[in-house]
Amino acid sequence: MSHVDWSAIGMEELEQRTVAVESLAGEPTIAAAPATCPVCGTANPPTETWCQECGFRLDAVPGEEPPPAPPTAVKLASQSDGREFPLHEGENLIGRAGEADVLIPHPSVSRRHAVIVVEGQSVAIEDVGSTNGTWVNSRALSPNQRVPVPPNAVIRFGEVSLTVAGAATPEAPAEEPPSGPALVASDGTVYPLPEGELVVGRRTGADVLIPDPYVSGRHALLIVHGNEIAVEDLGSTNGTIINGERLPPGERRELHPGDEIVFGRPILTLRLPPAEAQPPEA
């Protein structure tokens with residue numbers, strides 16, 4: 001570093017150098033203050049519009065917001081800590097953002113994750129395009145498709161599971177016999193079984209896709225020839241059980257109408273179409 005002889009520098013040049021140094025320094029940076037919620041006192045990031053803890057709009061004045069809709073008998077209960085979330089009549093937004101009616105501050109939950117619709121004691125749910133998905137009793141929901149919610153159902157938002165309480169049993173439509181072989185889950189989900197070899201698994205691309213964490217990516221193989229159906233476990237982690245008996249990996253077993261098949265955890269029942277009546281012999 002070179003030495004500067006300040007005594008040899010004139011006053012005018014010194015002032016110019018001082019101005020240059022000040023211009024390089026620039027204006028001091030002032031950090032934005034956190035937005036403190038006037039209701040619960042939580043310090044929120046300055047960019048937030050809604051309180052991350054209680055959901056109050058940070059630019060509003062307490063007492064000026066319209067009163068929330070009165071809760072119904074339907075509510076969600078946390079499976080981890082027992083916390084309850086009352087639901088009001090109509091649409092209830094589930095999400096991580098403060099505008100949500102049911103605020104779940106978990107990273108796996110989207111800001112706008114799902115909508116639960118309450119009409120009396122009837123409950124329906126719709127995933128509104130969440131990142132990590134919504135499940136009802138281990139059944140993955142398609143985005144923007146509204147489905148009924150049975151009583152005591154377990155709904156999973158990302159990695160957070162809540163139980164529905166207070167919902168009435170929806171009237172089941174008259175059950176039509178399957179037009180072909182099918183596996184029917186305990187929640188009513190029907191998995192048609194077309195002709196051929198079908199892979200059962202959790203991985204995308206499986207012929208019988210069961211999005212349950214206890215189901216392996218490639219769990220089992222179903223062999224369908226008309227109404228003759230057999231199953232083979234493909235070395236799954238949690239096994240395949242037929243009518244209470246565990247199927248050894250690699251062993252092929254014939255299935256019959258009414259058999260209960262458990263892939264890891266989900267229980268499915270084999271149903272076949274009714275046999276066609278044979279004409280009486282002459």
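Residue numbering note: each chain is counted from 1, following its sequence as written. Local features in a predicted model are, by the rule used here, given only for residues with pLDDT of at least 70; side-chain atom pairs are given and counted only at 80 or more, and totals for whole chains, interfaces and linings are based on all residues. To get the side-chain values, take all heavy atoms of the structure and skip hydrogens and water.

1. Topic: the overall build of the chain
Moving on, step 1. Helical segments are the DSSP runs of H or I of at least four residues, strand segments are the runs of E of at least two, and each set is numbered from the N terminus. Scanning the chain from N- to C-terminus turns up one helix and 24 strands.
Moving on, step 2. Exposure classes here rest on a 1.4 Å probe applied to the protein chains alone. A residue is buried below 20% of its type maximum, exposed above 50%, and partly exposed in between. Here the chain holds 282 residues, and 37% of them are scored as buried.
Moving on, step 3. If you take every contact in the chain between residues at least 6 apart in sequence, the share linking residues at least 24 apart comes to 36%.
Moving on, step 4. Only the protein chains shown count as cover for residues, with accessible areas throughout obtained via the Shrake-Rupley method and a probe of 1.4 Å. Looking at the chain as shown, the accessible area adds up to about 17100 Å², and 52% of this sits on carbon and sulfur atoms. We call two residues contacting when some pair of their heavy atoms lies within 4.5 Å.

2. Quick notes on the packing of aromatic side chains
Moving on, step 1. When two rings of Phe, Tyr or Trp (its six-membered ring) have centres within 6.5 Å they constitute a pair, described as stacked for plane angles under 30 degrees, edge-to-face for angles over 60, and tilted for the intermediate range. For the structure on display, the rule yields zero aromatic pairs.
Moving on, step 2. Positioned above the aromatic ring of Trp-135 is the side chain of Arg-156, whose terminal nitrogen or guanidinium carbon lies 3.9 Å from the ring centre. Charge over a ring is defined by NZ of Lys or CZ of Arg lying within 6 Å of the ring centre and within 35 degrees of the ring normal.

3. Considering the nonpolar core
Moving on, step 1. Of all hydrophobic cores here, the largest spans 23 residues; its most connected members are Leu-76, Ile-104, Ile-116, Ile-125, Ile-155 and Phe-157.
Moving on, step 2. Secondary structure elements with two or more residues in this core: strand 3 (71-78), strand 4 (84-88), strand 7 (114-119), strand 8 (122-127), strand 12 (154-157) and strand 13 (160-165).
Moving on, step 3. Not counting residues up to four positions away in its chain, the partners in contact with Ile-116 are Leu-76, Leu-87, Gly-90, Glu-91, Asn-92, Ile-94, Val-123, Ala-124, Ile-125, Ile-155 and Phe-157.
Moving on, step 4. In terms of nonpolar packing, the next biggest core, distinct from the first, is built from 22 residues, Ala-185, Leu-198, Val-208 and Leu-270 among them. The definition of a nonpolar core used throughout is a set of buried Ala, Val, Leu, Ile, Met, Phe, Trp, Tyr and Cys residues joined through side-chain atoms within 4.5 Å.

4. A word on the sheet that holds strand 22 (residues 252-255)
Moving on, step 1. Any two strands with at least two DSSP-identified bridges between them are counted as paired. Taken together, five strands build an open sheet; the order of strands is 17-16-18-19-22 and the sheet is mixed. The sheet is open, and its two borders are formed by strand 17 (208-209) and strand 22, each paired with just one other strand.
Moving on, step 2. Relative to strand 19 (residues 228-233), strand 18 (residues 220-225) is paired through six bridges, and the arrangement is antiparallel. Paired with Ile-223 across the two strands is Ala-230, which belongs to strand 19.

5. Here's the deal with the pattern of salt bridges
Moving on, step 1. Throughout this description, the term salt bridge denotes a Lys or Arg side-chain nitrogen within 4 Å of a carboxyl oxygen of Asp or Glu. With the rule as written, the count across this model stands at eight salt bridges.
Moving on, step 2. As a salt-bridge pair, Glu-126 and Arg-146 come within 3.1 Å of each other at their nearest N and O atoms. Of this pair, Glu-126 sits in strand 8 while Arg-146 sits in the loop between strand 10 (139-140) and strand 11 (147-148), placing them 20 residues apart in sequence.
Moving on, step 3. When its relative accessible area of 16% is taken as the criterion, Glu-126 is described as buried.
Moving on, step 4. For Arg-146, a relative accessible area of 43% puts it in the partly exposed group.
Moving on, step 5. Two residues, Glu-245 and Arg-253, come together in a salt bridge whose shortest N-O distance is 3.6 Å.
Moving on, step 6. Salt bridges sharing partners connect three or more residues here, namely Glu-91, Glu-126 and Arg-146.

6. Concerning the confidence of the model for the chain
Moving on, step 1. Of all residues in the chain, 74% attain a pLDDT of 70 or more, and the chain-wide mean is 79.
Moving on, step 2. At the level of individual helices and strands, the chain shows its lowest average pLDDT in helix 1 (residues 11-25), which scores 50, and its highest in strand 19, which scores 95. Per-residue confidence from the prediction method is given by pLDDT, with values spanning 0 to 100.

7. Some points on the pairing of strand 16 (residues 196-201)
In the case of a regular strand, side chains alternate between the two sheet surfaces.
Moving on, step 1. Pairing of strand 16 with strand 18, which is carried by five bridges, proceeds in the antiparallel orientation. Opposite Gly-196, over in strand 18, you have Val-224 as the bridge partner.
Moving on, step 2. With two bridges connecting them, strand 16 and strand 17 associate as parallel partners. Each bridged residue has a counterpart across the sheet, and for Val-200 the counterpart in strand 17 is Val-208.

8. Re the environment of Gly-205
Moving on, step 1. With respect to the element layout, Gly-205 can be found in the loop between strand 16 and strand 17.
Moving on, step 2. On the accessibility criterion, Gly-205 (67% relative accessible area) is exposed.
Moving on, step 3. In the structure, Gly-205 is positioned 12 residues away from Gly-217 in sequence and 9.5 Å away in space, judged by C-alpha atoms.

9. Some details on unusual backbone geometry
Moving on, step 1. Residue Asn-152 is not a glycine yet carries a positive backbone phi of 60 degrees.
Moving on, step 2. Mapped onto the secondary structure, Asn-152 falls in the loop between strand 11 and strand 12.
Moving on, step 3. Positive phi, close to 50 degrees, is recorded for Asn-243, a residue that is not glycine.
Moving on, step 4. Here Asn-243 is to be found in the loop between strand 20 (240-242) and strand 21 (245-247).

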